[in-house]
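# What the coordinates show
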Amino acid sequence: MGNKLGKLLLLVGLIMFQACAAQSHLVADELETVTKENLKYYLYYPEHYFDSEETFGLLLFLHGGGESGRALEEIKDTGPPKMLAEGKQFPFLILAPQNSHAKKWWNTEAVIQLLDSVTRMNRVDKNRIYLSGLSRGGSAAWELATQYPDKFAAMAVVCGMTPLPYAHWIDQEMPIWVFHGDQDDVIDVEESDKMVAKLRDMGHDVRYTRYKGVGHNAWDRAYTTDSLYTWLANQKRKH
């Protein structure tokens, strides 16, 4: 009898121990984290910015992975910074930050902090802030459009990658222009095909330039399209 009772008590003890052990793996706690990002950037001012008191639009441009984690000078190799280096004039400010990590995605929260700081310290019309990016920067542009749907007046994306569910979070009032090469072997053109189709089905105002016979480098043609900048400059948030 004593032996049976001992075995029963041992069995009960094991069951209670296992129950307690299972519960001990789930612990509620919290930790306040701080993430710092050092963003170098170029800021372009229009020709007559310092001769007037008017407010101006601003284009936020995000470069691709090839310029990430390198010297700041290298972001002048593509997009609007390249055109600025060649003497092109624009009717709005251009903010071109650099992703300091060669192998990481853009820190979009840090980018927005930089954008807000530049906007606050300059004569920027908050209803005329434009967004554009290429490749990895184009993917970040899609992400920013979903995270901050009330921030931008228009967006131009060149060969970016984006999950289709993003379409549900993008402001339906924001015009979008998408560029992609149909021979892109880095980010498949279907990324843009599917996103554009989804957005159009949802009633969005989307332009789509699909270059025939062009690979991943669709940006040379996209960013030398003069009508792109006229189109951007004509956009303004309605609220």
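Up top is the structure these notes are about.
So, here's what we can say about the structure. (Residues numbered from 1 in each chain as written. Predicted model: local features only at pLDDT ≥ 70, side-chain atom pairs only at ≥ 80, totals over all residues. Heavy atoms only, no water.)

For the rest of this paragraph, the subject is the side chain of T78. By the secondary structure assignment, T78 is in the loop between β2 (56–62) and α2 (79–85). If sequence neighbours within four positions are ignored, T78 has contacts with F61, E67, L134 and W219. (Helix = DSSP H or I, 4+ residues; strand = E, 2+ residues; numbered from the N terminus. Contact = heavy atoms within 4.5 Å.)

In this structure the tally under the stated criterion is 13 aromatic pairs. Ring centres of Y45 and F50 lie 5.0 Å apart, and the angle between their planes is 45 degrees; this geometry places the pair in the tilted category. On the basis of relative accessible area, Y45 is assigned to the partly exposed category, the value being 25%. By relative accessible area, F50 is classed as exposed at 60%. Between F179 and Y211, the ring centres sit 6.3 Å apart and the planes meet at 25 degrees, which makes this aromatic pair stacked. Here Y211 lies in strand β7 (residues 206–211) and F179 lies in strand β6 (residues 176–181), a separation of 32 residues in the sequence. Following the ring pairs from residue to residue traces out a cluster consisting of Y44, F90, F92, Y130 and Y229. Directly above the aromatic system of F90 lies the positively charged group of K88, at a separation of 5.8 Å from the ring centroid. (Phe/Tyr/Trp six-rings, centres within 6.5 Å; stacked < 30°, edge-to-face > 60°. Buried < 20%, exposed > 50% of the residue type's maximum accessible area, 1.4 Å probe, protein only. Lys NZ or Arg CZ within 6 Å of the ring centre and 35° of its normal.)

Read from one edge of the open sheet, seven strands run β1-β3-β2-β4-β5-β6-β7, paired in mixed fashion. In this open sheet, the two edge strands, each paired with only one partner strand, are β1 (41–44) and β7. Across this sheet, the average inter-strand angle for adjacent strands is 15 degrees, counted without regard to direction. As judged from the three bridges shared by β2 and strand β3 (residues 93–97), these two strands associate in the parallel manner. Residue pairing for β3: L59 is matched across the bridge by I94. Running over the sheet, helix α4 (residues 136–147) touches β2, β4 (124–134), β5 (154–158) and β6 and is turned about 140 degrees from β4. (Pairing = 2+ DSSP bridges. Axes fitted to C-alpha atoms, helices over the stretch in contact; angles between N-to-C directions.)

With that out of the way, let us pick up the side chain of S135. Along the chain, S135 falls in the loop between β4 and α4. We classify S135 as buried; its relative accessible area is 9%. Within the structure, the side chain of S135 is placed 2.8 Å from the side chain of H216, a separation counted as a polar contact. Discounting chain neighbours no more than four positions away, the residues touching S135 are G64, V158, C159, G160, I187, H216 and W219. (Polar contact = N/O pair within 3.5 Å; in protein donor to acceptor, adjacent residues only side chain to side chain.)

Formed by 36 residues in total, the largest nonpolar core has its most connected members in L58, L60, W142, F152, M155 and I176. Broken down by secondary-structure element, the contributors of at least two residues to this core are β2, β3, α3 (108–121), β4, α4, β5, β6 and α5 (190–201). No other element matches α3, which puts six residues into this core. Filtering out sequence-adjacent residues up to four positions away, M155 remains in contact with L131, A141, W142, A145, M174, P175, I176, W177 and W231. Core analysis: the next-biggest nonpolar cluster, separate from the first, contains 28 residues, L59, A153, A154 and Y211 among them. (Core = buried A, V, L, I, M, F, W, Y, C linked by side-chain atoms within 4.5 Å.)

Our next topic: unusual backbone geometry. Notably, S135 is not glycine yet its phi reads approximately 50 degrees, a positive angle. One non-glycine residue with positive phi stands out, namely C159, at about 40 degrees. Along the chain, the position of C159 falls in the loop between β5 and β6. Note on C159: relative accessible area 0%, which makes it buried.

The calculated volume of the largest pocket comes to roughly 200 Å³. Around the largest pocket, the lining residues are T35, K36, E37, L39, Y41, N107, E109, A110, Q113 and L114. Among the residues making up the lining of the largest pocket, the classes are represented as four nonpolar, three polar and three charged. (1 Å grid on protein atoms, 1.4 Å probe; cavity = no way out; pocket = protein on both sides within 12 Å on 5 of 7 lines; lining within 4 Å. Points joined across faces, edges and corners; volume = space filled by probe spheres on them. Nonpolar A, V, L, I, M, F, W, Y, C, P; charged D, E, K, R; others polar.)

Right, let's talk about the pairing of β4 for a bit. Buried residues dominate β4, accounting for eight of its 11 residues. With six bridges joining them, β2 and β4 adopt parallel strand pairing. The partner of L60 across the bridge, within β4, is L131. For β4 and β5, the ladder comprises five bridges, and the chain directions are parallel. Across the sheet, residue Y130 finds its bridge partner in β5, namely A154. Note on the crossover from β4 through α4 to β5: the handedness is right-handed. (Right-handed = clockwise from strand over helix to strand, strands pointing away.)

Just distances and angles here, no functional claims.
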